[in-house]
Amino acid sequence: MELAYYLRLDAATLIFSISVVALCMATVVFGMARAIKKHGLEQWGIAMSCASVAFLLYFLRGKAPLFLTYLLANGFMLAATIFSLMAYARVLEVPSHRKTIAVGTTVAMSALVMVSMFGASAWLGVFSVNMVLATHNFLGARMVLQGFAGQRAGLAWSSVAAFCLLGITFAARAVWSTMSHAPSLDVSVNTLPQVGAFLMGGLFVALSTVGFVAMVSERLRRETEGRLRRDGLTGLLSRTALFEETRNIDQFGLSHDYCVVMLDIDHFKSVNDRYGHSGGDLALAHVARLIAGSVRISDLAARYGGEEFCVLLRDCTQAQAAGFAQRLVADVGRQAVRLRDGRDVQVTISAGYAYKSATSGPAGTGSSERLEDVIDRADKALYLAKHGGRNQAVAAHGWPLAAAA
């Protein structure tokens, strides 16, 4: 006997099976969306629900009105691809190509209306819907490539392959419809393009859901790692994360100049004693915002501990480091911290910085000086700034550079 006989790969069986699988996938994803209310899980659950309804209506064709099993069924199928693209756009944070999707959907729905209500040839609906579905799948592949740009992720390439394979299948079915003299609206016809398209559709419903959930899990993992690397109060890097980011700087720093700036809020204990810890937290967050707004994308800013901050300026000259430290001291001194009760608190900072040259090294230390040594020199300069009157920036050699007015 033929293997196909035992497998029962007929269109009707595949259609009903896909409807059940899509419903199961929707149930699982909606359950996850109740706990994780972001990253497109809700949109993906809607997409799977639409796919389940679409295939159930396909299965009922010939037993229910054509309006339901043809026009509405294909409308739900188009909606399923639209919501799936919306879900990918959210989890990957890429453009959703709304204009392209809107134009394609309008064309497909217009063709379906022409066939179901005005007696147009069946091939027009088959061709239009399948070409739009193919376009949507190719857009999905493009979104994944954009979302994983520069990353060699097996999950990304498998998703791209699935999108492209299903897109090619729908395109082939569209081309087949133009080669048939009288395409039938009966989806249970067991032609090779028909069975192949439904078989690929069923596999895609299951595998794409698994892949999408894996992408959401990866996104959540990266976000969790990112939160652990950030100080919860200031949003700056933690001290541990700073050293992780700079673990190779001694190796690569041989060909680049850099500067370390250590900063400390003056009389921070008195701020806590007078305004409470909430006032102290607001002062820390205020200074952190000014630091974050002053650094470049290539620089690193961290809360080093307590009320102390550390900034690493890459490819920075000694004059640029001096200007950065002076401006930051002046900016903090000019801007007051607004407390929750409406009062304003004036705080100042002291700064010490140490410059590391890739060639000659600072103050005769040589270019072999390590990052820890540069930080130590900057910290000693900060000590001099604190004991020299505060509210100023001091170079590592101990000479005051400027005193903020």
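Quick caveat: nothing in here was measured; it's all calculated off a predicted structure.

**A short note on the overall build of the protein**
Phase 1 of the analysis: A tally of regular secondary structure across the protein gives 13 helices and 8 strands.
Phase 2 of the analysis: Across the 405 residues in the protein, those meeting the buried criterion constitute 47%.
Phase 3 of the analysis: Once local pairs closer than 6 in sequence are excluded, the contacts in the protein between residues at least 24 apart make up 69%.
Phase 4 of the analysis: A total of about 20,300 Å² of accessible surface is found on the protein, and carbon and sulfur atoms cover 61% of it.

**Considerations on the nonpolar core**
Phase 1 of the analysis: Formed by 59 residues in total, the largest nonpolar core has its most connected members in Tyr88, Leu92, Val144 and Phe212.
Phase 2 of the analysis: Mapped by element, the contributors of at least two residues to this core are α2 (11-35), α3 (41-59), α4 (66-92), α5 (98-118), α6 (122-147), α7 (154-179) and α8 (192-229).
Phase 3 of the analysis: The dominant element in this core, judged by the number of residues it contributes, is α4, at 14 residues.
Phase 4 of the analysis: Apart from residues no more than four positions distant in its own chain, Phe212 is found in contact with His39, Gly40, Leu41, Trp44, Ala87, Tyr88 and Val91.
Phase 5 of the analysis: Tyr275, Ile291, Phe309 and Ala393 belong to the second largest nonpolar core, which has 36 residues in total.

**Focus on the packing of aromatic side chains**
Phase 1 of the analysis: What the rule picks out here adds up to 7 aromatic pairs.
Phase 2 of the analysis: For the ring pair Phe16 and Phe59, a centre distance of 5.1 Å and an interplane angle of 50 degrees mean the geometry is tilted. Taken together, the residues span a long stretch of sequence, with Phe16 in helix α2 and Phe59 in helix α3 at a distance of 43 residues.
Phase 3 of the analysis: Take Phe59: its relative accessible area is 29%, and that puts it in the partly exposed class.

**Some remarks on a nonpolar patch on the surface**
Phase 1 of the analysis: A surface patch of nonpolar side chains, about 590 Å² in accessible area, is lined by Phe67, Leu68, Leu72, Met114, Met117 and Phe118.
Phase 2 of the analysis: Of all the elements in the fold, those that place two or more residues in the nonpolar patch are α4 and α5.
Phase 3 of the analysis: Mapped onto the elements, Met114 comes out in helix α5.
Phase 4 of the analysis: Looking at Met114, the relative accessible area reads 39%, which means it is partly exposed.

About the criteria used
- Residues numbered from 1 in each chain as written.
- Predicted model: local features only at pLDDT ≥ 70, side-chain atom pairs only at ≥ 80, totals over all residues.
- Heavy atoms only, no water.
- Helix = DSSP H or I, 4+ residues; strand = E, 2+ residues; numbered from the N terminus.
- Buried < 20%, exposed > 50% of the residue type's maximum accessible area, 1.4 Å probe, protein only.
- Contact = heavy atoms within 4.5 Å.
- Areas by Shrake-Rupley, 256 points an atom, 1.4 Å probe, with all protein chains shown as cover.
- Core = buried A, V, L, I, M, F, W, Y, C linked by side-chain atoms within 4.5 Å.
- Phe/Tyr/Trp six-rings, centres within 6.5 Å; stacked < 30°, edge-to-face > 60°.
- Patch = residues over 30% accessible without salt bridge, like charges linked within 9 Å, V, L, I, M, F, W, Y side chains within 5 Å.
- Salt bridge = Lys/Arg side-chain N within 4 Å of Asp/Glu carboxyl O.

Honestly, that's just the spatial picture; any functional story needs more than this.
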